[in-house]
Amino acid sequence: MSIKHEKDVIIACDFPDGEKTLDFLALFGSERPFVKIGMELFYSEGPDIVKKIKARGHKIFLDLKLHDIPNTVRGAMRSLRALDIDMCNVHAAGGRAMMEAAVEGLTRHDGSRPLIIAVTQLTSTSPEVLQHELLISRPMDEVVMSYAQNARAAGLDGVVCSPLEVKHVHEVCGEDFITVTPGIRFSCCDMDDQARVTTPALARELGSDYIVVGRPITASPDPVGAYRRCLSNFIG
Ligand code: C5P
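Residues numbered from 1 in each chain as written. Predicted model: local features only at pLDDT ≥ 70, side-chain atom pairs only at ≥ 80, totals over all residues. Heavy atoms only, no water.

**Some words on the site of the ligand**
Rule in force here: We call a residue near a molecule or strand as soon as one heavy atom of that residue lies within 4 Å of the molecule or strand. Polar contacts, as counted here, are pairs of nitrogen or oxygen atoms within 3.5 Å of one another; within protein the pair requires one atom able to donate a hydrogen and one able to accept it, and residues that are adjacent in sequence qualify only if both atoms are side-chain atoms. The Shrake-Rupley method, run with a 1.4 Å probe sphere, supplies the accessible areas, and residue values consider only the shown protein chains as cover. Counting from the N terminus, the helices are the DSSP runs of H or I reaching at least four residues and the strands are the DSSP runs of E reaching at least two. Classes in brief: Ala, Val, Leu, Ile, Met, Phe, Trp, Tyr, Cys and Pro nonpolar; Asp, Glu, Lys and Arg charged; the others, Gly included, polar.
In the vicinity of the ligand lie 13 residues, with Asp 14, Lys 36, Gln 194, Gly 214 and Arg 215 positioned nearest. Arg 185 is positioned such that a nitrogen or oxygen atom in its side chain is 2.9 Å from an oxygen atom of the ligand. One of the backbone nitrogen or oxygen atoms of Gly 214 is found 2.8 Å away from an oxygen atom of the ligand. Relative to its free-state accessible area of 470 Å², the ligand is covered by the protein chains to the extent of 83%. Those elements that place two or more of their residues in the shell around the ligand are strand 8 (210-213) and helix 10 (215-218). Looking at the shell around the ligand residue by residue, the classes come out as six nonpolar, three polar and four charged.

Next comes the structure, spelled out in C-alpha cells:
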C-alpha cells in the first residue's frame, strides 16, 4: 500500500524537556511545522508530549527506531498507533519478519496507518566498524541498498538515508519509496557532528522527499526565519 505524502521540512525537536519544546513551537505562531520527536524527549516526557504537540495541529515523526523480536515490536507499534502520529520508524537490521510485524501492529482497523520507514545503517557507523566490529563484510552502500529492499519487501514506506544516497535508493526501490534525509546545513562548512552534509537546495535537487533539520533551525537566532528559508530552498 502506498500512502500519499508531500515533500516537507521536518524540524528535529532535540530538546531535553516538554517545556522547552512547547516554548520553541510557540515561536511559530499559527504556522504548524512537521516535527520530529526523538528518544530524548519521549523518554523524559512520555506519550503526553506527543498528544500535546498533536493537539496543537502539528504532524509528528516519532523517531524511536524500534528493534526487537517481531512480537514485541508488533505490540509496541499497537501502543503507538493510539497516539495518532504521522510517521515512525524501526531498524531494518531487525529483519523482514520484524518489519512486517511493525506494519501489522501499526495498521488501524480501517486499514489506514502512519508512514513507517526504516533506518538502514546509522550514519555514525563507519565502514571500519561495519567490517571489524559488526563483522559485515559487504560494502556500506550494498548493505544500505539491501536493507532498503528488505524494508520495501516488508511493506514499509521508505528509509532514513543521506541525501547523497537518495538517487540510488530510488533506483533500487522505486521513485515512490520515501527518502527521509537528515544531515542538512545551510552551508557545507557548518558540520557540527554530521560527517556528510547537504544544503536544502541540494537535497531538493537530489530528490529527497523529506529533509530533517535540527540545529540549523533550533539553534538559530531566528528559528522561524531559518525554517522558512529551508522551506523555500527545499520546496520553492
Ligand atoms: O541538528 P541536526 O540537523 O544535525 O539534527 C539531525 C536530526 O536527525 C537529529 O535528530 C538526529 O538524531 C537525526 N538523525 C541523523 N542521522 C541519522 C538518523 C537521524 O542526524 N542517520
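There's more to say after this.
**Regarding the side chain of Thr 120**
Operational definition: Each residue is assigned to one of three classes by its accessible area relative to the maximum for its type, calculated with a 1.4 Å probe on protein chains only: buried under 20%, partly exposed between the two thresholds, exposed over 50%.
With respect to the secondary-structure elements, Thr 120 resides in the loop between strand 5 (115-119) and helix 6 (127-132). Judged by relative accessible area, Thr 120 falls into the buried class, the value being 4%.

**A closer look at the nonpolar core**
For the record, the criterion: We call a set of buried residues a nonpolar core when its members are Ala, Val, Leu, Ile, Met, Phe, Trp, Tyr or Cys and they connect through side-chain atoms within 4.5 Å of each other. The criterion used for residue contact is that any of the two residues' heavy atoms lie within 4.5 Å.
The biggest cluster of nonpolar side chains holds 59 residues, and the ones touching the most others in it are Met 77, Val 90 and Ile 217. At six residues, the largest contribution of residues to this core is made by helix 7 (residues 140-153). Beyond its immediate sequence surroundings of up to four residues, Met 77 is in contact with Leu 66, Cys 88, Asn 89, Val 90, Ala 102, Gly 105, Leu 106 and Ile 116.

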